[in-house]
Amino acid sequence: MNKQPKHVAIIMDGNGRWAKKQGKKRVLGHSKGAKSVREIVEAAAREQIEFLTLFAFSTDNWNRPKEEVNILMKLLVSSLKKEFKRLIDNNIRLCAIGHLKSLPVLVQEELLFVIEKTKENTGMVLTLALNYGAKEEIVEAVKAIADKVKNSIISPEKVDESTIIEHLYTRNLPPVDLLIRTSGEERISNFLLWHIAYAELYFTKTLWPDFTKEDLQLALINYGKRERRFGKTSEQLTL
Ligand code: IPE
Ligand code: IPE
Ligand code: MG
């Protein structure tokens, strides 16, 4: 049996379809989805998950209608303002990954404020992936490493996995143990490519606004039953 995963990552998908099902506008799904975020963050902390990483906005989500993007950004600011105290109360540290500099200034300011205020917290590390794309993350890392090679800071022979990790947005995160995606889609959508190399994948048809702490527990129980072999044989693991 696996113990609890150290790092859980979630692709929170299905807000739009949830709203459509009720005959409402997509944005209503996003505000209901924000409530699920609160419930799941607190449940994960209670479950002693050390790292929770949530995909909140991808680099490709800019291609959505402007009105939806604006509402998502506003919702981010208001959620950060609203949840700030609960993060403190639950000893949760907030971090963010992605191309943060291209987010609206208000989002950046609120984000940096909460990151700064929670940086001494010693409980769960909650990472929001915002304006995040894993391919872009790798391109940025390659550029930074190439620059260091050009300036003789690193020699090409010395480039190894840890050199790459050190240059990723996710440099402070351990590998993902369990990746959950809601809404029935079974794809990665450019999330955390490097860090999910050996992640256990868990797909559920439940739409994100309906995803509860009980659903998280089901995913954790399912994870606990899996055998992670990392290239070895089953027999080697039981030795
Ligand atoms: C996930 O729900 C939230 C974001 C991507 C911001 P969607 O908005 O993708 O919902 P569906 O997939 O259209 O139902
Ligand atoms: C992935 O969901 C991004 C987030 C959950 C923030 P999408 O809904 O954008 O992904 P695709 O387009 O269905 O692959
Ligand atoms: Mg979607």
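Residues numbered from 1 in each chain as written. Chains lettered and ligands numbered in written order. Predicted model: local features only at pLDDT ≥ 70, side-chain atom pairs only at ≥ 80, totals over all residues. Heavy atoms only, no water.

Focus on the sheet that holds strand β3 (residues 93-97)
Phase 1: Read across the open sheet, the 6 strands follow the order β3-β4-β2-β1-β5-β6; overall the sheet is parallel. Every other strand in the sheet has two partners, leaving β3 and β6 (200-203) as the edge strands with one partner each. When strand polarity is set aside, the average angle formed by the axes of neighbouring strands in this sheet is 20°.
Phase 2: Both strand β2 (residues 51-58) and strand β4 (residues 125-132) contribute to a ladder of 7 bridges, which runs parallel. Bridge assignment links L54 to a residue of β4, and that residue is L128. (Pairing = 2+ DSSP bridges. Helix = DSSP H or I, 4+ residues; strand = E, 2+ residues; numbered from the N terminus. Axes fitted to C-alpha atoms, helices over the stretch in contact; angles between N-to-C directions.)

Some details on the nonpolar core
In summary, soluble globular proteins display a tendency toward joint burial of nonpolar side chains.
Phase 1: Counting 38 residues, the largest nonpolar core has I10, L52, L126 and I180 as the members making the most contacts within it.
Phase 2: Of the residues forming this core, the biggest block, 7 residues, is contributed by helix α3 (residues 66-89).
Phase 3: With near-sequence residues (within four places) excluded, L126 lies in contact with V41, L52, L54, L87, I92, R93, L94 and C95.
Phase 4: The next biggest cluster of nonpolar side chains, apart from the first, holds 13 residues, and it includes I97, V176, L179 and A199. (Core = buried A, V, L, I, M, F, W, Y, C linked by side-chain atoms within 4.5 Å. Buried < 20%, exposed > 50% of the residue type's maximum accessible area, 1.4 Å probe, protein only. Contact = heavy atoms within 4.5 Å.)

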